[in-house]
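Breakdown of the fold
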Amino acid sequence: MLGNSSCSGQENVDVNKTTSESSLVSTQSTKHSNSIESLLMKYYQDIDTIKNNIIVFKNGKSMRFDDNIQKNGIELLDNPDVEDQFRFDYNLSKNASSNTDAGRIRNETFFKFIYGASAAEVQKNLGTILWCPSLVNQRIQVTKKCGVADSLQKVSFALDKHPEWKKYLTSVGGTFNWRKISGTSRLSAHSFGMTIDINIAHSNYWQWDCSCIDERKSLQYKNSIPLELVEIFERYGFIWGGKWLHYDTMHFEFRPEIIDYIRNK
Ligand SMILES: [Zn+2]
């Protein structure tokens, strides 16, 4: 991890605590300092400091990092703080399935401060890239903020060398779209312009497969997207919805802090 000197990540530990309490505090402190380092490194253009539990953005806005509230599965999805975004470890291995929603837990305020708080604000930063020029040649729009467009262009060039994957890459399902996730009051990551759905024709989405929107239902995982294709997205900072308990195998989302955090664990 390329550390940021503005964040020591040190927290005071009460020496009078029992050994188990101290080691719990210490583990949590290390987890916090690692996640804070990943945030500072990957959003350095927008985040000034994270100190004393406050994230200060370069535009002068600020927000709390950790609300210190214990949450269950649905509460984590409905009302997470930024610290909760690191609650579960994203699965960087080449095994597809996961039993957590690592990366699907998002604090809306954080992403509004980074990418824009309305459709109009996000739109101001959109740029156009040519998606897989040899295989597909489709113009798509994503945000230029945080290097998203540049990173997706690199993904596109790498994927373009794989004609065997053409059926997954044609007819891009969508990129920027300011909208709620169906069945919820949460904004979709597509609202922020840092997300792409590849061809829906070869994708699986938990809501379609279970014909339901209830996130408490148990699901039968399905996927037909090659994991080597997924690995290319991950190389450039995009996590894959196919590694969520509530799977969405067309969905790739720019979350370099999540990948950095796992790589440096
Ligand atoms: Zn999507």
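Below is a short write-up of the structure. (Residues numbered from 1 in each chain as written. Predicted model: local features only at pLDDT ≥ 70, side-chain atom pairs only at ≥ 80, totals over all residues.)

Take helix α8 (residues 227–235) next. Two residues of an α-helix separated by three or four positions point the same way, owing to the 3.6 residues in each turn. Of all the residues in α8, the buried ones are Val 230, Ile 232, Phe 233 and Glu 234. Buried residues along α8 sit in contact with α5 (148–159), β7 (238–240), β8 (251–254) and α9 (256–263). (Buried ≥ 20, exposed ≤ 12 C-beta atoms within 10 Å, placed from the backbone. Helix = DSSP H or I, 4+ residues; strand = E, 2+ residues; numbered from the N terminus. Contact = placed C-beta atoms within 7 Å.)

Glancing now at unusual backbone geometry. Positive phi outside glycine occurs at Cys 132, with the angle close to 45°. Along the chain, the position of Cys 132 falls in the loop between β4 (126–131) and β5 (138–143). The exposure class assigned to Cys 132 is buried, which follows from the 24 C-beta atoms found within 10 Å. Of note in the backbone geometry, Cys 146 takes a positive phi value of approximately 60° without being a glycine. Within the fold, Cys 146 resides in the loop between β5 and α5. You can call Cys 146 buried: it has 22 C-beta atoms within 10 Å.

In β8, alternate side chains face the same way, and those of His 251 and Glu 253 on one face and Phe 252 and Phe 254 on the other are all buried. Bridging between strand β6 (residues 195–197) and β8 involves three bridges; their strand directions are antiparallel. Across the sheet, residue Ile 196 finds its bridge partner in β8, namely Phe 252. When β7 meets β8, the two strands line up antiparallel, connected through three bridges. Paired with Ile 239 across the bridge in β8 is Glu 253. (Pairing = 2+ DSSP bridges.)

This next bit is on the sheet that holds strand β3 (residues 62–64). Strand order in the open sheet made by the three strands is β1-β2-β3, with antiparallel pairing throughout. This sheet does not close on itself; its edge strands, each paired only once, are β1 (47–51) and β3. In this sheet, adjacent strand axes meet at a mean angle of 15° when their direction is disregarded. Sheet topology note: the β1/strand β2 (residues 54–57) ladder contains four bridges and is antiparallel. Within β2, the residue paired with Thr 49 across the bridge is Val 56. (Axes fitted to C-alpha atoms, helices over the stretch in contact; angles between N-to-C directions.)

With seven of its eight residues buried, α9 lies for the most part within the structure. Within α9 the residues assigned to the buried category are Pro 256, Glu 257, Ile 258, Ile 259, Asp 260, Tyr 261 and Ile 262.

The topology assignment puts Gln 220 in the loop between α7 (206–210) and α8. Sequence separation between Gln 220 and Asp 209 is 11 residues; the distance between their C-alpha atoms is 8.2 Å.

Here the focus is the sheet that holds β8. Pairing within the open sheet is antiparallel, and its three strands lie in the order β6-β8-β7. Edge strands, defined here as strands with exactly one partner in the open sheet, are β6 and β7. Averaged over all adjacent pairs, the angle separating strand axes in this sheet is 20°, with direction ignored. Contacting β7 and β8, α8 crosses the sheet at an angle of about 145° to β7.

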